[in-house]
Amino acid sequence: MSQRTLVILKPDAVRRGLVGEIIGRIERKAGWSVTAMELRTLDRATLEQHYAEHEGRPFYEPLMEFMASGPSVVMLVEGERVIEGIRALAGPTDPIGAPPGSVRGDFGTIVRENLIHASDSEESAERERKIFFPSFA
Ligand code: RTP
Ligand code: MG
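Caption draft 1: Broad picture of helix α5 (residues 82-90). Those residues of α5 lying buried are Val82, Ile83, Ile86, Leu89 and Ala90. Buried residues of α5 fall within an arc of 130 degrees about the axis and therefore sit on the same side. Contacts made by the buried residues of α5 are with β1 (2-9), α2 (19-28), β3 (72-80), α6 (103-107), β4 (116-118) and α7 (122-132). Looking at the residues trailing α5, positive phi occurs at Gly91, about 90 degrees.

Here it is, written out as structure tokens:
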């Protein structure tokens, strides 16, 4: 089942020079491909839409500040079961509990600065695609 998902390599991944490493892991998965990609500093309005589900939570404001702190790489990735697949490749939200071999498990220590976002369902993928790549219908 081919799917499309929205991936963000967060500002910590860009600052630490891990973009090539993470994209390499995505590209090496059989049949997956990056179909749109841009280096972009995310503004407040975009982040409010993207993280609307977290508004009011204690981590919301620090998360917004972090996500606007420098350029991110935003991408659309297509391929077989890519929604579940990139969530697995990323690992669980808290990098300390994430298994070695996952992006967060290999490179992260801080919950907020966990390197990568990937859509968590088909509905989220479509919602997020409209926010970041409205012209890629
Ligand atoms: P994402 O949405 O970024 O793909 O990550 P996720 O589903 O694994 O995690 P989610 O619960 O949706 O949280 C979104 C992002 O907020 C930051 N966060 N900080 N307690 C905290 O300080 C905390 N909890 C979450 C992380 O950057 C997380 O990825
Ligand atoms: Mg999430």
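Caption draft 2: Examining the sheet that holds β3 more closely. Pairing within the open sheet is antiparallel, and its 4 strands lie in the order β2-β3-β1-β4. Pairing within the sheet leaves two strands with one partner each, and these edge strands are β2 (33-40) and β4. On average, each strand axis in the sheet is inclined to that of its neighbour by 20 degrees, with strand direction left out of account. Taken together, the 8 bridges between β1 and β3 define a ladder with antiparallel strand orientation. Counted as the bridge partner of Leu6 is Leu76 from β3. Packed onto the sheet, α5 meets β1, β3 and β4 and runs at close to 35 degrees relative to β1. The sheet strands contacting α7 are β1 and β3, and the helix crosses β1 at an angle near 55 degrees.

Caption draft 3: Local environment of the pairing of β1. Where β1 and β4 come together, 3 bridges link them in antiparallel fashion. Bridge pairing in β4 links Val7 to Ala118.

Caption draft 4: Local environment of the environment of Pro11. Structurally, the position occupied by Pro11 is in helix α1 (residues 11-15). For the pair formed by Pro11 and Gly70, sequence separation is 59 residues and the distance between their alpha carbons is 5.3 Å. Excluding its chain neighbours within four sequence positions, the residues that come into contact with Pro11 are Phe66, Met67, Ser69, Gly70, Pro71 and Ser72.

Caption draft 5: Quick peek at the environment of Glu123. Within the secondary structure layout, Glu123 lies in helix α7. The exposure class of Glu123 is exposed, given the 9 C-beta atoms found within 10 Å. Along the sequence, Glu123 and Arg40 sit 83 residues apart, while their C-alpha atoms lie 23 Å from each other.

Rules used in this analysis
Residues numbered from 1 in each chain as written. Chains lettered and ligands numbered in written order. Predicted model: local features only at pLDDT ≥ 70, side-chain atom pairs only at ≥ 80, totals over all residues. Buried ≥ 20, exposed ≤ 12 C-beta atoms within 10 Å, placed from the backbone. Helix = DSSP H or I, 4+ residues; strand = E, 2+ residues; numbered from the N terminus. Arc of directions from axis to C-beta. Contact = placed C-beta atoms within 7 Å. Pairing = 2+ DSSP bridges. Axes fitted to C-alpha atoms, helices over the stretch in contact; angles between N-to-C directions.

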